[in-house]
Amino acid sequence: MPTSLPSTPLDTLTTYLAGKFENGAQATESPVWFVHLRLWQRLVPALTSETTRTFFIEQASVVGQKPPYRQRIFQIKEKDNQLRGQYFALSQPSEFMGAGTDFQRLNALTASDLVSLPNSESHIQYQLKGNGYQFQSALPNGKLCSFGYNGQRRYVSLGFDIEQKPDGTTELLTYDKGVDPDTGQGLWGALMGPFRMIKKQ
């Protein structure tokens, strides 16, 4: 059965996002287009307050038991009943590799480890749906967030939908994909639609 809603949309979104997710069913159905991924989203204690929730995020390929990669930060702030998100890179991502399951390492993360990114603020909309909320997060007006990688500037479109289904399952749809800024062509990530992640923990 679905759990009862926390008192505010921010609390509800926090409850939905925190945990370990996988897209095993999707990867089985469409193995050519979707790698079986495991995704961790953990609250960062030092950067979380009543009106701000900060998540450390990383993912790993389930096949081959490779180490986690794409470490990043997503911070949600509530003001005047509006929710806004912002993405950050980490100055030393390798120092926090595995922090999705290593809470001692996660607890060491502070604001000094964060790197601001251009065009990284997302708009988060929400509505009541069934016994819960549905949340949608996207960068405004088709903007692309950018970051440095191996001496090059990379561009990425970021967004997600998340909701709790009638059976209590939490489903996260992620739309993140790398984009060529000149042609608008997708380069990697959710090229054939969103990754459909189901909360496992």
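Preceding this section is the structure that the text describes.
All values reported here derive from a predicted model rather than from experimental measurement.

A. Quick look at the nonpolar core. By size, the foremost hydrophobic cluster in this structure holds 28 residues, and its most contacted members are Leu13, Leu17, Ile76, Phe135, Phe160, Ile162 and Leu172. The greatest single-element share of this core, amounting to 4 residues, is contributed by helix 1 (residues 9–17). Excluding residues that lie within four positions of it along the chain, Leu13 makes contacts with Ile76, Leu83, Ile124, Phe135, Phe160 and Ile162. One finds Val44, Leu106, Leu109 and Leu114 within the second-largest nonpolar core, a separate group that totals 11 residues.

B. Broad picture of the sheet that holds strand 9 (residues 152–157). What the 4 strands build is an open sheet, ordered 8-9-12-13; its pairing is antiparallel. Looking at which strands have only one partner, the edges of the open sheet turn out to be strand 8 (145–149) and strand 13 (186–189). Within the sheet, the average angular offset between the axes of one strand and its neighbour, ignoring direction, is 35 degrees. Relative to strand 9, strand 8 runs antiparallel, the two sharing 5 bridges. Its bridge partner being in strand 9, Tyr149 is matched across the sheet by Gln152.

Conventions and cut-offs
- All chains use their own residue numbering, which begins from 1 and follows the written sequence.
- Side-chain atom pairs in this predicted model are given and counted only at pLDDT of 80 or more, local residue features only at pLDDT of at least 70, and totals for whole chains, interfaces and linings cover all residues.
- Think of the side-chain values as coming from all heavy atoms in the structure, minus any hydrogens and water.
- Residues belong to one nonpolar core when they are buried, are Ala, Val, Leu, Ile, Met, Phe, Trp, Tyr or Cys, and are joined through side-chain atoms within 4.5 Å.
- Each residue is placed in one exposure class: buried if its accessible area under a 1.4 Å probe, protein chains only, is under 20% of its type's maximum, exposed if it is over 50%, and partly exposed if it falls in between.
- Helix and strand definitions here come from DSSP, where helices need a minimum of 4 consecutive H or I residues and strands a minimum of 2 consecutive E residues; each element is numbered from the N-terminal end.
- We call two residues in contact when some of their heavy atoms are within 4.5 Å.
- Strands were regarded as paired on the criterion that DSSP finds at least two bridges between them.
- Where helices are involved, their axes are fitted lines through C-alpha atoms of the stretch in contact, as for all axes, and angles between N-to-C directions lie from 0 to 180°.

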